[in-house]
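# Observations on the model geometry
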Amino acid sequence: MPDTELEHLARVACYRKVPRGTTIVRAGDSTDSFYILISGSIKVLNSDEEGREVILAILGAGEFFGEMGVIDGSPRSADVLAIEPCELLVIAKPDFRRMLTEHADVALYLMRSLVQRLREADRKIESLALMDVFGRVANLLLEFSEVQEGRRIVTRKLTKQDIAKMIGASREMVSRVMKDLETSGYIEIQDGRIVLNET
């Protein structure tokens, strides 16, 4: 996004700091703000009456959430929980809507980001429908990895429970798959990080 647009964002945004474990947004609440994550990470999730959860996304610094309800006026569609201490920029709904109408670059940036998320959702649906648990775990690890110093590394902290909630499997099954991947040499755990090997 151009610097001029970023400066305008900064003028209308409020800074907020939240500790780990804070529920930033609750499903069903009225939508009044748009959020940009400056630091830390959050998970977007839904749960049923029995407390079972599905993680829809894990977001990190530079990413945003809360845009859907700001655009269409619907209540919040999911809970957003801080996985670690977070710094946020919070933009009130009227200010955000004004930015979209007055600043084409911001609207275009948002549209590109939403299209990317839609493509990711399509891939997730495809993987749930067509892959077994082994394939879904491998696919998720690839999705969350980046090349660093010539090696593909999962850069975000993912627990086996988080992985299970993201791919629709049990934690026990994910543990077995991760162990198989490690035994087969496809992954290594180094300093708490998952390294993907090309074999």
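Note that the structure is predicted; figures quoted are calculated from it, not measured.

Rules used in this analysis
- Residues numbered from 1 in each chain as written.
- Predicted model: local features only at pLDDT ≥ 70, side-chain atom pairs only at ≥ 80, totals over all residues.
- Heavy atoms only, no water.
- Pairing = 2+ DSSP bridges.
- Helix = DSSP H or I, 4+ residues; strand = E, 2+ residues; numbered from the N terminus.
- Axes fitted to C-alpha atoms, helices over the stretch in contact; angles between N-to-C directions.
- Contact = heavy atoms within 4.5 Å.
- Salt bridge = Lys/Arg side-chain N within 4 Å of Asp/Glu carboxyl O.
- Buried < 20%, exposed > 50% of the residue type's maximum accessible area, 1.4 Å probe, protein only.
- Core = buried A, V, L, I, M, F, W, Y, C linked by side-chain atoms within 4.5 Å.
- Polar contact = N/O pair within 3.5 Å; in protein donor to acceptor, adjacent residues only side chain to side chain.

## Concerning the sheet that holds strand 5 (residues 53-59)
Read across the open sheet, the four strands follow the order 2-7-4-5; overall the sheet is antiparallel. Both outer strands of the open sheet, strand 2 (23-25) and strand 5, are each paired with one neighbouring strand and no more. Strand-to-strand twist of the sheet, defined as the mean angle between neighbouring strand axes without regard to direction, takes the value 35°. Note that strand 4 (residues 42-47) and strand 5 share six bridges and pair antiparallel. Bridge pairing in strand 5 places Val44 opposite Ala57. On the sheet, helix 6 (residues 160-167) packs against strand 4 and strand 5 and is oriented at approximately 105° with respect to strand 5.

## Side note on the pattern of salt bridges
Under the counting rule described, the total for this entry stands at nine salt bridges. Across the pair Asp32 and Arg76 runs a salt bridge, and its minimum N-O distance is 3.8 Å. On the criterion of sequence distance, the pair formed by Asp32 in the loop between strand 2 and strand 3 (33-39) and Arg76 in the loop between helix 2 (67-72) and strand 7 (79-82) is long-range, its members being 44 residues apart. Here Arg76 falls in the buried class, since its relative accessible area comes to 9%. Across the salt bridge formed by Asp95 and Arg98, the nearest N and O atoms sit 2.9 Å from each other. Linking Asp95 with Arg98, this pair stays in helix 3 (residues 93-102), spanning three residues, or about one helical turn.

## Some thoughts on unusual backbone geometry
One can expect most non-glycine residues to show negative phi and most peptide bonds to be in trans. Its identity as a non-glycine residue notwithstanding, Glu149 has a phi of 50°, on the positive side. When you line up the elements, Glu149 lands in the loop between strand 9 (145-148) and strand 10 (151-154).

## Regarding the nonpolar core
Counting 20 residues, the largest nonpolar core has Val137, Leu141, Ile163 and Met178 as the members making the most contacts within it. Of all elements in the fold, only strand 5, helix 5 (133-143), helix 6, helix 7 (171-183) and strand 12 (193-196) reach the threshold of two or more residues within this core. Setting aside residues no more than four positions away along its own chain, Val137 makes contact with Ile163, Ile167, Val174, Val177, Met178 and Leu181.

## So, the environment of Ser39
Position of Ser39 relative to the elements: it lies in strand 3. Placed 148 residues apart in sequence, Ser39 and Ile187 show a C-alpha to C-alpha distance of 28 Å. Those residues in contact with Ser39 that sit more than four places away from it in its chain are Ala61, Pro85, Cys86 and Glu87. A distance of 2.7 Å separates polar atoms of two side chains, one belonging to Ser39 and the other to Glu87.

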